[in-house]
Amino acid sequence: MTDYLADVQKYDSGADEAVVNKIVRHLGIALRNKDSSLVSATDPKELDRVREKWCEKKLGVAGADADAAISATAKAMSADRSKSRVTFYYLVAKNLGKLQTL
């Protein structure tokens, strides 16, 4: 199993393990497949999926705020060719100020 917490801590040294574990449980089976465990920040359909499934349904944030958080996260992780879905979702939630609600 991948060390999700260590990957998140590359971007947020104070990452809360409990929050990371909640995201891992939320993603569940998607993390079993290498392709679905990663986010392609250059694929508009992928980013639409993140907006709809994560921002809107799970976090309750839509529109420009969701787009800005996704864009900021993609920019922050731009040097990482393999963007972990757990880390991406964590950073989007952090950018939206929603970590405490997970």
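Residues numbered from 1 in each chain as written. Predicted model: local features only at pLDDT ≥ 70, side-chain atom pairs only at ≥ 80, totals over all residues. Heavy atoms only, no water.

K.L.:
I tried to follow the nonpolar core on my own but got confused; where do I start?
P.N.:
What tends to happen in soluble globular proteins is that the nonpolar side chains get buried as a cluster. Judged by nonpolar contacts, the single largest core of 32 residues is most densely connected at Ile23, Trp54, Val86, Phe88 and Tyr90. Those elements that provide at least two residues to this core are helix H1 (4–9), helix H2 (17–27), helix H3 (44–58), helix H4 (63–76) and helix H5 (85–95). Tallying contributions element by element places H5 first for this core, with 7 residues. Here Val86 is in contact with Tyr4, Val8, Val20, Ile23, Val24, Leu27 and Leu31, once residues within four sequence places are set aside. (Core = buried A, V, L, I, M, F, W, Y, C linked by side-chain atoms within 4.5 Å. Buried < 20%, exposed > 50% of the residue type's maximum accessible area, 1.4 Å probe, protein only. Helix = DSSP H or I, 4+ residues; strand = E, 2+ residues; numbered from the N terminus. Contact = heavy atoms within 4.5 Å.)

K.L.:
What should I look at first to understand the side chain of Ser84 in this one?
P.N.:
Locating Ser84 in the fold gives a position in strand S2 (residues 83–84). Those residues in contact with Ser84 that lie beyond four places of it in its chain are Tyr4, Asp7, Ser37, Leu38 and Met77.

K.L.:
Looking at this structure, how should I read the pattern of salt bridges?
P.N.:
Side chains carrying opposite charge are able to pair once their charged atoms draw close together. Evaluated as defined, the whole model comprises 8 salt bridges. Of the charged contacts in the structure, one is a salt bridge between Asp80 and Lys10, with a shortest N-O distance of 3.9 Å. Highlighted residues: Asp80 in the loop between H4 and S2 and Lys10 in the loop between H1 and H2, separated in sequence by 70 residues. Judged by its relative accessible area of 15%, Asp80 falls in the buried class. By relative accessible area, Lys10 is classed as exposed at 55%. Residues Asp67 and Arg51 are paired through a salt bridge, measuring 2.3 Å at the closest nitrogen-oxygen approach. In this pair, Asp67 sits in helix H4 while Arg51 sits in helix H3, placing the two residues 16 residues apart along the sequence. (Salt bridge = Lys/Arg side-chain N within 4 Å of Asp/Glu carboxyl O.)

K.L.:
Can you walk me through H4 in this structure?
P.N.:
Along an α-helix, residues three or four apart share an orientation, since each turn contains 3.6 residues. In this model H4 runs 20 Å from its N-terminal to its C-terminal C-alpha over 14 residues, within 8% of the 20 Å that 1.5 Å per residue would give. Every buried residue of H4 is listed here: Ala66, Ala69, Ile70, Thr73 and Ala74. Buried residues of H4 fall within an arc of 130° about the axis and therefore sit on the same side. Within H4, the exposed residues directed more than 90 degrees away from the buried face are Ala64, Asp65 and Lys75. In the core, the buried residues of H4 are packed alongside H3, S2 and H5. (Expected span 1.5 Å × (residues − 1). Arc of directions from axis to C-beta.)

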